[in-house]
Amino acid sequence: MHRKSTGYLFVLPALLVLGMLIAYPVAYTGLLSVTDNQGNLVGLDNFRAILGARATPTAFFNTLWWVVGSIVFQVVLGVLTAILLNQKFRGRAIVRSVTLIPWVVPGIVAATTWAWMLHTEFGIINYMLTAPGVLEEPVGWLTNGSTVLPVMIAINVWKMFPFVAIMVLAGLQSISNDLYEAARIDGASFWEEVWYVMLPQVRPVIVAVTLLLVIWALNHITIIYAITRGGPANRTLITPIQIFRTAFESVQFNQAAALSVMFFAVAITVVFFYIRTTAGNAGASK
Amino acid sequence: MGSVSIRDVRKSYGSMEILHGVSIDIADGEFVVLVGPSGCGKSTLLRMLAGLEEITGGEIAIDDKVVNALHPKERDIAMVFQSYALYPHMTVAQNMGFSLKLGRAPKEEIGRRVAKAADMLSLTPYLDRYPRQLSGGQRQRVAMGRAMVRDPKVFLFDEPLSNLDAKLRVQMRSEIKQNHQRLKTTTVYVTHDQIEAMTMADRIVVMHDGVVEQIGTPLELYDFPRNLFVAAFIGSPSMNILSGKLSGNSFITADSSAINLPFIPASTNDETVSLGIRPEHFALDPNGMAAEVITVEPTGSETQVAMLLGGHEVVAVFRERITTRPGECLTVKLDPERIHLFDGQSGLRLGQD
């Protein structure tokens, strides 16, 4: 029997596709980052140039805010939703399905819809806030420098918290009912049940989901690019969008590649922790 | 410590009533076992006592205080679950001290009470371990320890030994009994295993289809079963039941052989009756009835013989060593003092007790 070689044959198509779509672009980006647009080796010049650009530190701090803000609210809201959806109440199945909608809606559709809803003059949000007198003046949600990044984060939270909720809910459902009953007999209130029984049991799920969310938030383009393209005045410029714009709007592929390489190093670190965590979970559950 | 009073308790799920008015009085310090086949409502009753199921009708009182509307934590009870329900992310010590921690007890007191319970249950070396690092018997002990540290009015056990192997079950049975003798805490224990019930209980409550069939001490149930269900349920191997007719002071079997009765039953309104005789109440007697041997099972201390008697297959247990083979005939006598008679229709016990 040719067991080993048969195995390789089976994975070959997938490996070829991965090689063409992932390995080659990664390697080529590495090459671009140390050459100029003529293809001459220039050492670390591209890195120096892009790190010296005014937008780079702005994008770095925006990215930090974007990732931290998104993750904190996605996880907190997602976990609370999961706890709620784990309770027995009438219409639970419907509420569970409805909760999933934001996650199922394509990112570009959601972004466009939100852009219209948040429009300063015609948006329904300003209408709803000004009509009953909650706000005196319409707010320029997407044009005001101090509201635009929080609004982007809010949209991202809205888009992704159902994912957290569904994953954590699956974890909660695997907890034996006896544990809740034992806790109730031990004298736990509802929130003590949550704190001492539910959360410790789903902690591995929360950790894994959080790392996934960090990876996705780091790689995020759709919502921000579709709504603000990083503006106004770079207030929503996060690093992936900076890379995109440097490459395809300023046509500076080599500097974009240099930034990509640095960004890749950060992302790969998170991925490493994710893989180690999930592999650890698989080991622990045996 | 506390007494428990269950008065005409009912439980329905929708229109389906599964407990049809159960009344049990449990004295302070008593060890009461609820026993019955699965689906008889014994676990539901225990969970209602614990406050995990709502009470549809009737009243449950602990120490003369009606607890129907109280949450489990306000009832001062502790429960040991069949699955043990240990918190997997807590150590043995944390599991045992959890209820005290929730009750905001000072740290030193928690430590002291956990140490005391751990000492009683020989768990001291395992206090820092997690439940997954323990054997089945140790987990079972932790579950008991968790109940003991609280020093509740009532202990509730829900089939706590079902997940253990046979040898460990016997060992834990006596440990539970010893702990009860030391602590003297009122205990309600649910099992489907009548041997567990017989060996552990001060009093047994036999349940069947949502009603109490009989309440009594183990030997009362064994010697004077109130009806056919209790007669057949208690005892192993179970009581032999022969159906036949009454004629004067004799019982006539299906194949017309007569068995003399020590008394004439009071109510003979229906002539069809069932005669019950326990396997150990047969004796070899040359003048007895003829019985054809079907199988012989020697266990060393006794010999169990299945045989055909009066048209019925019966099981007899003899203390003496018998050398007989399938197909041969034995002549046996039924101990007349140990014969039970039951009404053919209602299944109720007949005659004087």
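What you see is a predicted model; the values in this text were computed from it and never measured. (Residues numbered from 1 in each chain as written. Chains lettered and ligands numbered in written order. Predicted model: local features only at pLDDT ≥ 70, side-chain atom pairs only at ≥ 80, totals over all residues. Heavy atoms only, no water.)

(A) Molecular detail of the overall build of chain B. When helices and strands are counted, chain B shows 8 helices and 19 strands. Projected onto its principal axes, the C-alpha coordinates of chain B cover approximately 75 × 45 × 35 Å. By the burial criterion, 50% of the 353 residues in chain B qualify as buried. Taking the intrachain contacts of chain B between residues at least 6 apart in sequence as the baseline, contacts between residues at least 24 apart amount to 67%. Of the accessible surface of chain B, which amounts to about 16000 Å², a share of 48% is contributed by carbon and sulfur atoms. (Helix = DSSP H or I, 4+ residues; strand = E, 2+ residues; numbered from the N terminus. Buried < 20%, exposed > 50% of the residue type's maximum accessible area, 1.4 Å probe, protein only. Contact = heavy atoms within 4.5 Å. Areas by Shrake-Rupley, 256 points an atom, 1.4 Å probe, with all protein chains shown as cover.)

(B) Region of interest: the UniProt feature "transmembrane region" (unreviewed entry) in chain A. Under the local residue numbering, the UniProt record ascribes the feature "transmembrane region" (unreviewed entry) to residues 7-27, 64-85, 97-117, 148-172, 205-227 and 256-275 of chain A. Split by type, residues 205-227 of chain A is 87% helix and 0% strand. Its first and last C-alpha atoms lie 32 Å apart. (UniProt positions renumbered as here; feature names shortened; annotations may be inferred.)

(C) Just the sheet that holds strand β2 (residues 16-26) of chain B, in detail. Residue and element names in this part refer to chain B. Pairing in this open sheet of 4 strands is antiparallel, and the strands run β2-β1-β4-β5 from one edge to the other. The sheet is open, and its two borders are formed by β2 and β5 (65-66), each paired with just one other strand. Where strand β1 (residues 4-13) and strand β4 (residues 57-62) come together, 5 bridges link them in antiparallel fashion. Along β4, the bridge assignment pairs R10 with G57. Across the face of the sheet, helix α1 (residues 42-50) comes into contact with β1, β2 and β4 while running at roughly 115° to β1. (Pairing = 2+ DSSP bridges. Axes fitted to C-alpha atoms, helices over the stretch in contact; angles between N-to-C directions.)

(D) Looking closely at the UniProt feature "domain: ABC transmembrane type-1" (unreviewed entry) in chain A. Residues annotated in UniProt with the feature "domain: ABC transmembrane type-1" (unreviewed entry) correspond here to residues 60-274 of chain A. For residues 60-274 of chain A, helix accounts for 73% and strand for 0%, while the C-alpha atoms at its two ends are 22 Å apart.

(E) Region of the structure containing the nonpolar core. Of all hydrophobic cores here, the largest spans 101 residues; its most connected members are A:W66, A:M152, A:L172, B:L45 and B:L156. When neighbours within four sequence positions are excluded, A:M152 is seen to be in contact with A:W66, A:L142, A:I223, A:I224, A:I227, A:T228 and A:T236. The next biggest cluster of nonpolar side chains, apart from the first, holds 41 residues, and it includes B:Y84, B:V149, B:M200 and B:A201. (Core = buried A, V, L, I, M, F, W, Y, C linked by side-chain atoms within 4.5 Å.)

(F) Region of interest: a nonpolar patch on the surface. All names here are of chain A. Together, Y8, F10, V11, L15, V17, L18, M20, L21, I22, V26, F264 and I268 line one region of the surface with nonpolar side chains, adding up to about 1200 Å² of accessible area. Looking at the nonpolar patch, the elements that each hand over two or more residues are α1 (3-33) and α13 (253-284). Of all the elements, α1 adds the most residues to the nonpolar patch, at 10 residues. Assignment of secondary structure puts F10 in helix α1. (Patch = residues over 30% accessible without salt bridge, like charges linked within 9 Å, V, L, I, M, F, W, Y side chains within 5 Å. Salt bridge = Lys/Arg side-chain N within 4 Å of Asp/Glu carboxyl O.)

(G) Focus on the interface of chain B and chain A. Facing 23 residues of chain B, the contacting portion of chain A comprises 16 residues. Of the roughly 1700 Å² buried where chain B meets chain A, counting both sides, 61% is carbon and sulfur surface. Counting across the chain B and chain A interface gives 3 salt bridges. Measuring nitrogen to oxygen at the nearest pair gives 2.7 Å for the salt bridge that ties A:E181 to B:R47. At the level of elements, α1, β6 (77-80) and α2 (92-102) of chain B are the ones that each hand at least two residues to the side of chain B that touches chain A. Tallying contributions element by element places α2(B) first for the side of chain B that touches chain A, with 4 residues. Partitioned by chemical class, the residues of the side of chain B that touches chain A number 14 nonpolar, 3 polar and 6 charged. (Buried area = accessible area lost by both parts, 1.4 Å probe. Nonpolar A, V, L, I, M, F, W, Y, C, P; charged D, E, K, R; others polar.)

(H) Spotlight on the sheet that holds strand β17 (residues 312-318) of chain B. Residue and element names in this part refer to chain B. What the 4 strands build is an open sheet, ordered β17-β16-β15-β18; its pairing is antiparallel. Looking along the sheet, the strands with just one partner apiece sit at the ends: β17 and β18 (329-334). Sheet twist, expressed as the average angle between the axes of neighbouring strands with direction ignored, equals 50°. Relative to β17, strand β16 (residues 303-309) runs antiparallel, the two being bridged by 7 bridges.

(I) View of the pattern of salt bridges. All told, the structure shown has 18 salt bridges over all chains when counted by the stated rule. Here B:R7 makes a salt bridge to B:E59, at a shortest N to O gap of 2.7 Å. You can see B:R7 sitting in strand β1 and its partner B:E59 sitting in strand β4, a full 52 residues away along the chain. Residue classification places B:R7 among the partly exposed positions, given a relative accessible area of 35%. Since its relative accessible area comes to 32%, B:E59 is described here as partly exposed. When the shortest N-O distance is used, the salt bridge between B:R113 and B:E109 registers 2.7 Å. Of the two residues, B:R113 and B:E109 both sit in helix α3 (residues 107-120), 4 residues apart, roughly one turn of that helix. Accessibility expressed as a relative area gives 22% for B:R113, which makes it partly exposed. For B:E109, a relative accessible area of 23% corresponds to the partly exposed category. In this structure, a network of salt bridges that share partners links the residues A:E181, B:K11, B:R47 and B:E53.

(J) How the structure looks around the side chain of B:T44. With respect to the element layout, B:T44 can be found in helix α1. Each residue touching B:T44, except ones within four places of it in the same chain, is listed here: B:K11, B:Y13 and B:I18.

(K) View of the domain arrangement of chain B. All names here are of chain B. On domain assignment, one finds that chain B holds domain 1 (4-230) and domain 2 (241-343). With 6 residues of domain 1 at the contact, the number on the domain 2 side is 7 residues. Considering only the surface of domain 1 that becomes buried against domain 2, Y222, P225 and L228 emerge as the three largest contributors, covering 78% of it. On inspection of domain 1 and its partner domain 2, the count reaches 1 salt bridge. Two residues, D223 and R338, come together in a salt bridge whose shortest N-O distance is 3.9 Å. For the interface between domain 1 and domain 2, the tally reads 2 residue pairs in polar contact (both at pLDDT 80 or more). Considering every element that reaches the side of domain 1 that touches domain 2, the biggest residue donor is helix α7 (residues 218-223), with 3 residues. (Domains from an automatic or database assignment. Polar contact = N/O pair within 3.5 Å; in protein donor to acceptor, adjacent residues only side chain to side chain.)

(L) Structural detail: the environment of A:V109. Relative to the assigned elements, A:V109 resides in helix α6 (residues 107-117). A sequence separation of 58 residues divides A:V109 from A:M167, and the C-alpha atoms of the two residues are 24 Å apart.

(M) Region of interest: the packing of aromatic side chains. Residues and elements named next belong to chain A. In total, this model carries 16 aromatic pairs over all chains according to the counting rule given. Taking 5.3 Å as the distance between ring centres and 45° as the angle between the ring planes, the aromatic pair formed by W103 and F163 counts as tilted. Taken as a pair, W103 in helix α5 (residues 101-104) and F163 in helix α8 (residues 148-173) lie far apart in primary sequence, 60 residues in all. Owing to a relative accessible area of 35%, W103 belongs among the partly exposed residues under this scheme. Overall, F163 belongs to the buried group, its relative accessible area being 6%. Centroid distance F244 to F248: 5.2 Å. Interplanar angle 50°. Geometry classified as tilted. One end of the pair, F244, and the other, F248, are both in helix α12 (residues 239-248), 4 residues apart, so they sit about a helical turn from each other. (Phe/Tyr/Trp six-rings, centres within 6.5 Å; stacked < 30°, edge-to-face > 60°.)

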